[in-house]
Structure formats: structure tokens, C-alpha cells
Amino acid sequence: MNQKTLPSTDDVRDRFSKAMSAMYQAEVPQYGTLLELVERVNQETLSQQPELYRRLEAQGELARLTVERHGAIRVGTADELSTLRRLFAVMGMHPVGYYDLSEAGVPVHSTAFRPINDNALAKNPFRVFTSLLRLELIENEALRQGATAILATRDIFTSKVRELIECHESKGELSSEEADQFVKEALETFRWHQNATVDLETYHALCDEHRLIADVVCFRGPHINHLTPRTLDIDEVQRRMPDVGMNPKAVIEGPPRRAWPILLRQTSFKALEESIRFAGDAQGTHTARFGEVEQRGAALTPKGRALYDQLLDEGREQAIRLDNDAHQTVMNSVFTAFPDSDQAMRREGLAYFHYYLTDTGQAAKGVVDQDTEALIAQGLVEAQPITYEDFLPVSAAGIFQSNLGGAKSEAYSGSANRDAFEKALGAQVTDELSLYAERENASKARVLASLQG
Ligand code: OOG
Ligand code: NI
């Protein structure tokens, strides 16, 4: 077969994320409404802010904006997690980062499967936040054993998708037809099931321990529980959500609004109560699926992240139980300690930057100066913050809690275990900060080489 017709891992991921979005729109119509709202706000923001338009275009992010989504799932066993790792690898998505949610009273730990290099991210940065249930944190032994036994009987993958994963692993590629089939079969793992695999009594027993445990254990598969488009103005989306019939969560998580956004801000509409048929024919309900919006900003260096974490803690202490407006006012005043300009963030080493040549820089040759700040001052080089591609554990906990109905609990705290997670995953997770540092260094090296040229 002609080499050129073979789809790349980026193509497969692009097809899959679109198929997933279509499936979720059909399953949860409110998600379709959310997509329309975000699209409208993004268009308005871009037309009101030409400088933002220019920046996104220069970073190659304008094209990806309309396809950009993240999703989340929760699985029950090491075997499910490691097979997912192989499934995501077919789409060029690799485990990045370790998130310990036990600290926030949620008995899971997680990673994000996502593309890693510049080109893959520019094409479609689809990410899936993937959590593994930690049954070992449940003290009730009978309940723990019961849940383990239920999980042992299910297979969340179709036999065809397993075949196609193996085919990709041995050949290193799939044909276009195989890729389409892969997308169709992989999607089955993420589908919603109205029939639970357990009776109502078992469901309630698991819910009483933690709603999340019931969500993972009682169904045939790890239904996608939300999909998240990226907005350029999350405050505006939050404001307009009630107008289109959505019930937004109380506060926007993460940093406050800034001229130079950092990390990630998130909000969601509350999970829907959906009817479920339990074994033995009893009718009941389950609340799991919701819609979320995110606004992404600059990836922070370890120094920037430490400052963010410190200010977030301070802000959260002062903002307990405030409504969103009051919460944002507190955060705004606390975050005045975080410089809000690209230059200051760059000079103080708070954020990662992508360096590229201006038009003048592209025409220049034989420039031996190696000082990027001087090159920027001479108009040869520009630097744009690198977009944060990952997640934030405190925000993730806020999203979990607002949708599981739980208050913050100390029940499982202090039990991060990255080794156990990686053992279950069957691989190490990549450190997200090293990825940003590599991309920054590579962009600097390219610019300097070309100017010397
Ligand atoms: C995942 C919650 C985390 C985010 O955007 O931080 C998440 C879940 O509810 O399974 O998706
Ligand atoms: Ni999310």
C-alpha cells in the first residue's frame, strides 16, 4: 500500500476525538448547547481582541481551538488501566503527570493521556484525564472484596479493539480502514450504559462508601463522564450558562482572570441525574455525567508553580463558601503578587516560553548574539508563553466534588503512591515540566541556529 495513505497517530486521534464528541452530544444534548455557547464566546472574544488573535495564530493555536477537548474516565483495575495505555498509544497519547486525588477525599489517582510534541499538539491536543480507583483505601473489607469480585468479571474492551491494538503494536501502523474500525471499536469502551451490572442494594452500599466507587464498579464500562471545550473567556461563559438552561458550579476553579492567563481555569455544569435499570429489574438513578469548560494559559516553571500553589492556598483560605464574584475578587487581590505581563514572567523565570523569529529575524543572517532578551529587544525574536497542556489537582478535586455531591473529606488523605500507579499502568508517567522545558530549549536552539546561519 502507498505509504502516504496510511493515517498517522495524529490522524487517528483526530478522528477519535471527533467521534467521541459526536457520541457525547448525542448522549448528553446539554453538551452540544455548551459547545455552541463556547463557540459564540470565542468568536466574540477574537473579534474584540485582535492582539489575542495574532498571538494564537503565531502559536499555531487558532486552528486547534475548535477541535480542542479534554475528557475524563475512571477505571477499576490495573489491567484496565494498562490496556487503556496501549489503546491511547495507537492515537499518539501518552501518560503525562501523576495526580493524587486522595488528598481531596477522592479514592483515586490519575494521569493524563495526551500528545507530547509540538506538531501533535498543534494538530489536535485531545487529552483524557484517567483515574484508577484505589480499592485498597476502602476499610470495609467485605465491601472491598465485593467490589473487586464484580470488577474481575467485566471486560471493558471489545475483542476487535484488542486485535487492532496488537496489530498496531506489531506493525507500527494501521491502514485507513483499520483506523476507522479502531475508532468505532475503541468508542465502545467509553459508551454510557443504562443497565447496571449490579442490583440496587449493591449500588447503594457502594455509594454509601463513596459515590465514585459506585460509578466505577456498577457498570459495564468506564463511560466518558465529561468532555471539555476550550474557551477564550471563561468568565463570560460562566455568566451566560444560566441563559441557555445550565446550572453552573458555584465557582470557577484555578487562578483569577488575568491579562496574561496562567495554567488553567475551569468550570462545569452540574451532573445530570439519569435513570438506570439495575439487575433484578429495579429502576433507580445515577448522577455522573456533566459538561465542563476550560480556559488555558501559560505553563509555569517550578518557580512559577510554587508561587501559584502558595497564592492559591492563601486565596482559598480567605474565599471559603463565597459566591463566584466574591471568590474571584479575593483571588484577584491575592494574585497581584504574581506578575501579570509576559516580560516579567519571562525575566523572572515564572513561565515557559516558545521562541520564534520575527519577519526581520527570518531575513537576518550572521547574528552571533546568544542573549535572547537582547534579540527580543532588537526585534529579531519574539517569545510567546507555552500553553499549559495538563491539569491541576486542586481544581480536579473541585470538579470531582461538585459532581459527586461530596464535601471535602479527609478520609483517604496522605496516601499518594506513584509507584503503585505506574506498576498498574505498566509504564512510567512522563514528568510534564520536563516536556515544557524541552520544548522551550528546542525553540531557543532553533532560533539561535537560524540567526547564526
Ligand atoms: C475527573 C475530574 C478532573 C479536570 O478537568 O480537572 C478533570 C473526573 O471527574 O473523573 O477532568
Ligand atoms: Ni475535566
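Residues numbered from 1 in each chain as written. Chains lettered and ligands numbered in written order. Predicted model: local features only at pLDDT ≥ 70, side-chain atom pairs only at ≥ 80, totals over all residues. Heavy atoms only, no water.

Draft legend 1. Spotlight on the nonpolar core. In this structure, Phe-16, Met-20, Leu-87, Phe-88, Phe-182 and Phe-190 are the most contacted members of the largest nonpolar core, which totals 50 residues. Broken down by secondary-structure element, the contributors of at least two residues to this core are α1 (9-27), α2 (29-48), β1 (69-75), α5 (78-89), β4 (127-133), α8 (159-171), α9 (176-189) and α19 (418-425). Here this core takes six residues from α2, the largest share from any one element. Contact partners of Phe-190, with chain neighbours within four places excluded, come to Phe-16, Met-20, Met-23, Ile-73, Leu-84, Phe-88, Pro-222, His-223 and Ile-224. (Core = buried A, V, L, I, M, F, W, Y, C linked by side-chain atoms within 4.5 Å. Buried < 20%, exposed > 50% of the residue type's maximum accessible area, 1.4 Å probe, protein only. Helix = DSSP H or I, 4+ residues; strand = E, 2+ residues; numbered from the N terminus. Contact = heavy atoms within 4.5 Å.)

Draft legend 2. Focus on the pattern of salt bridges. One pass over the full model with this rule turns up 43 salt bridges. Residue Glu-169 is joined to Arg-86 by a salt bridge in which the shortest nitrogen-to-oxygen separation is 2.8 Å. Residue Glu-169 is located in helix α8, and its partner Arg-86 is located in helix α5; the two are separated by 83 residues in the primary sequence. The closest approach of N and O atoms between Glu-294 and Arg-296, which form a salt bridge, is 2.8 Å. Exposure remark for Arg-296: the relative accessible area of 5% places this residue in the buried category. (Salt bridge = Lys/Arg side-chain N within 4 Å of Asp/Glu carboxyl O.)

Draft legend 3. Inspection of the site of ligand 1 at higher detail. Taken together, His-70, Ala-72, Arg-74, Phe-129, Asn-225, His-226, Gln-266, Glu-292, Phe-391, Ala-396 and Phe-400 make up all the residues around ligand 1. Measuring from an oxygen atom of ligand 1, one finds a side-chain N or O atom of His-226 at 2.9 Å. Contacts to ligand 1 include Gln-266, whose side-chain N or O atom sits 2.6 Å from an oxygen atom. For ligand 1, whose accessible area on its own is 320 Å², the fraction buried by protein is 100%. No other element matches the three residues that β1 contributes to the shell around ligand 1. Class assignment of the residues belonging to the shell around ligand 1 gives a composition of five nonpolar, four polar and two charged. (Near = heavy atom within 4 Å. Polar contact = N/O pair within 3.5 Å; in protein donor to acceptor, adjacent residues only side chain to side chain. Areas by Shrake-Rupley, 256 points an atom, 1.4 Å probe, with all protein chains shown as cover. Nonpolar A, V, L, I, M, F, W, Y, C, P; charged D, E, K, R; others polar.)

Draft legend 4. Representation of unusual backbone geometry within the structure. One non-glycine residue, Asp-281, adopts positive backbone phi at about 75°. Inspection of the secondary structure assignment puts Asp-281 in the loop between β8 (273-279) and β9 (283-287). Here the phi dihedral of Arg-321 falls at roughly 60°; this positive angle occurs in a residue that is not glycine. On the secondary structure map, Arg-321 appears in the loop between α13 (302-318) and α14 (324-334).

Draft legend 5. Local environment of the side chain of Thr-189. Residue position: Thr-189 is located in helix α9. Thr-189 gets classed as buried once you look at its relative accessible area, which sits at 1%. Aside from chain neighbours lying at most four places away, what touches Thr-189 is Ile-156, Phe-157, Gly-221, Pro-222 and His-223.

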